[in-house]
Amino acid sequence: MRFNKVIEGAGKAITIDSGGIDLADWAYAMRGVSGDDVVTIKSNEGTFNQSPGNGTAEELDQTTINLLTAVRTDRVKGFLAAHPKLVAVG
C-alpha cells in the first residue's frame, strides 16, 4: 500500500522513460539494490544544457554521449575512472 502511494506521488512529480516497463515492475526488480550499491553520475557535468530547439529538453554534451556509449558497451567503470569529476559526492 505504501509503495503504491510513493508511485502515485512520484508519477505526478517526475517523468520517467521506462522503455515500456511498468514502473512497479522496475522498482520490484531493484528491490535488492541498497543505497550503498548506487553511484550518482552527473550528465553534462551537472548543468542543464537547454536544447535550442526545445526549451524543455536537454542537449547532451559530448562527454555525456560518451558516457551513454560506455553504458551501452558495459564500460562504465573504466569511463568513470577516466572522468572522476562526473561522480557526484555528498
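Think of each chain on its own: its residues are numbered from 1, step by step along the sequence as written. In view of the model being predicted, local features appear only for residues whose pLDDT reaches at least 70, and side-chain atom pairs are presented and counted only at 80 or more, with totals across whole chains, interfaces and linings using the full set of residues. Note: side-chain values were computed over all heavy atoms of the structure, leaving out hydrogens and water.

A.B. asks: Can you tell me about the overall build of the protein, naming the residues and giving the values?
C.D. replies: Helix and strand assignments come from DSSP, with helices taken as H or I runs of at least 4 residues and strands as E runs of at least 2, each series counted from the N terminus. Within the protein, the secondary structure is distributed over four helices and zero strands. Reading the protein from its N terminus to its C terminus gives the helix and strand order α-α-α-α. Expressed as a percentage of its 90 residues, the buried residues of the protein come to 9%. In the form shown here, the protein has an accessible surface area of approximately 7300 Å², with 54% of it arising from carbon and sulfur atoms. Exposure is judged per residue with a 1.4 Å probe applied to protein chains only, and the accessible area is read against the type maximum: over 50% gives exposed, under 20% gives buried, and values in between give partly exposed. To measure how exposed things are, a 1.4 Å probe is used in the Shrake-Rupley method; for residues, cover is taken only from the protein chains shown.

A.B. asks: Can you lay out the pattern of salt bridges for me, pointing to particular residues and giving the numbers?
C.D. replies: The salt bridge definition used is simple: a Lys or Arg side-chain nitrogen within 4 Å of an Asp or Glu carboxyl oxygen. This structure, assessed with the given rule, holds one salt bridge. A salt bridge links Lys85 to Glu45; its shortest N-O distance comes to 3.5 Å. Of this pair, Lys85 sits in the segment after α4 (76–82) while Glu45 sits in the loop between α2 (23–29) and α3 (62–72), and the two are 40 residues apart along the sequence. When its relative accessible area of 53% is taken as the criterion, Lys85 is described as exposed.

A.B. asks: Help me get a handle on the side chain of Thr64, residues and values and all.
C.D. replies: When you line up the elements, Thr64 lands in helix α3. The exposure class assigned to Thr64 is buried, which follows from its relative accessible area of 5%. Only 2.7 Å separates the side chain of Thr64 from the side chain of Asp61, close enough to count as a polar contact. We call two residues in contact whenever any of their non-hydrogen atoms come within 4.5 Å of each other. Aside from chain neighbours lying at most four places away, what touches Thr64 is Ser43 and Asn44. Polar contacts here mean pairs of N or O atoms no more than 3.5 Å apart (in protein, one a potential hydrogen donor and the other a potential acceptor; neighbouring residues in sequence count only if both atoms are side-chain atoms).

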